[in-house]
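Here's the letter readout for the chains.
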Amino acid sequence: DVLSHAVLPATAPIPDVDDDTRNKLVTRLAELGLPEEAARWAGETSDLDAISLARIDADRGDGAKALSRLSDQTSAEAMSLRAEILQKMGKYAEAAEAFADLGNLEAAVQSQVRAQLWPSVADSGSGDWQTVAKAVSDSNSQEPDQSMATAPLAYGQRLLEESALTKTAIQGILTQV
């Protein structure tokens, strides 16, 4: 019944209701997955808290506006929402930092993986991702391996072992996806 009164044609004006009713409608519409309608009811001068408005903006696909609303918010909820929004926007390195600040190391490592920050994943990751990140980081190293000149068979054996470990780790990752 609420939806029949709250979801209005685009050209219809928003009825004049008290702030408490307006805020409840905005919250309910947002919870129902109707961010456009929630934003219409909220208007530009809503007295809803910044986190609720930022969540609506994020659901509407306006991450920049959502982050702007959260810029002066320091609560754990605001910081968590900021990290999620950064992740959705594809700003993985910033999301990784935000998740790490929250102590959510698993989410931080996943963001680092998406940002391809292999040295960071090698340091703070675990399991298969850490193994692969170490292999990628080592292969990007500019330092020549002196053991190849002095002990080529041992060097070759080590490469084969590392390759097998990396292959196993990649297979483990692929089974998780």
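You'll find the structure just up there.
In every chain, residue numbers begin from 1 and rise along the written sequence. Only residues with pLDDT of at least 70 get local features here, since the model is predicted, and only at 80 or more are side-chain atom pairs given and counted; chain-wide, interface and lining totals rely on the full set of residues. Computation of side-chain values: all heavy atoms of the structure, hydrogens and water removed.

**A look at the nonpolar core**
In plain words, nonpolar cores are sets of buried Ala, Val, Leu, Ile, Met, Phe, Trp, Tyr and Cys residues tied together by side-chain atoms within 4.5 Å. Burial status follows relative accessibility: with a 1.4 Å probe on protein chains alone, a residue under 20% of its type maximum counts as buried, one over 50% as exposed, and anything between as partly exposed. Within the largest apolar cluster, 16 residues are counted, with the highest numbers of intra-cluster contacts made by Leu-70, Leu-81, Ile-85 and Phe-99. Of all the elements in the fold, those that place two or more residues in this core are α4 (50-59), α5 (63-70), α6 (76-88), α7 (92-102) and α8 (105-114). What counts as a helix is a DSSP run of H or I of at least four residues, what counts as a strand is a run of E of at least two, and both are numbered from the N terminus. Counting residues per element, this core draws most heavily on α6, at five residues. Contact between two residues is taken to exist if any of their heavy atoms lie within 4.5 Å; hydrogens are not considered. If sequence neighbours within four positions are ignored, Leu-70 has contacts with Ala-50, Ile-51, Ala-54, Ala-78, Leu-81, Arg-82 and Ile-85. With 12 residues, the next largest nonpolar core counts Ala-6, Leu-25, Val-26 and Trp-41 among its residues.

**Side note on α5**
What sets the pattern is the α-helix's 3.6 residues per turn: residues three or four places apart point alike. All buried positions along α5 are accounted for by Gly-63, Ala-66, Leu-67 and Leu-70. The arc that holds the buried residues of α5, viewed along the axis, is 95°, so those residues lie on one side. The secondary structure elements touched by the buried residues of α5 are α4 and α6. To obtain the arc, one takes the directions from the helix axis to the C-beta atoms.

**Details of the pattern of salt bridges**
For salt bridges, the criterion is a side-chain nitrogen of Lys or Arg within 4 Å of an Asp or Glu carboxyl oxygen. A full pass over the atoms with the stated rule returns six salt bridges. The shortest N-O distance in the salt bridge between Glu-31 and Arg-28 comes to 3.6 Å. Linking Glu-31 with Arg-28, this pair stays in helix α2 (residues 19-31), spanning three residues, or about one helical turn. Given a relative accessible area of 56%, Glu-31 falls into the exposed group. In this structure, Glu-36 engages Arg-60 in a salt bridge whose closest nitrogen and oxygen atoms are separated by 3.3 Å. Of this pair, Glu-36 sits in helix α3 (residues 35-42) while Arg-60 sits in the loop between α4 and α5, and the two are 24 residues apart along the sequence. Exposure remark for Glu-36: the relative accessible area of 43% places this residue in the partly exposed category. On the basis of relative accessibility, which here comes to 35%, the residue Arg-60 falls in the partly exposed class.

Fair warning: the whole summary comes from geometry, so function is off the table for now.
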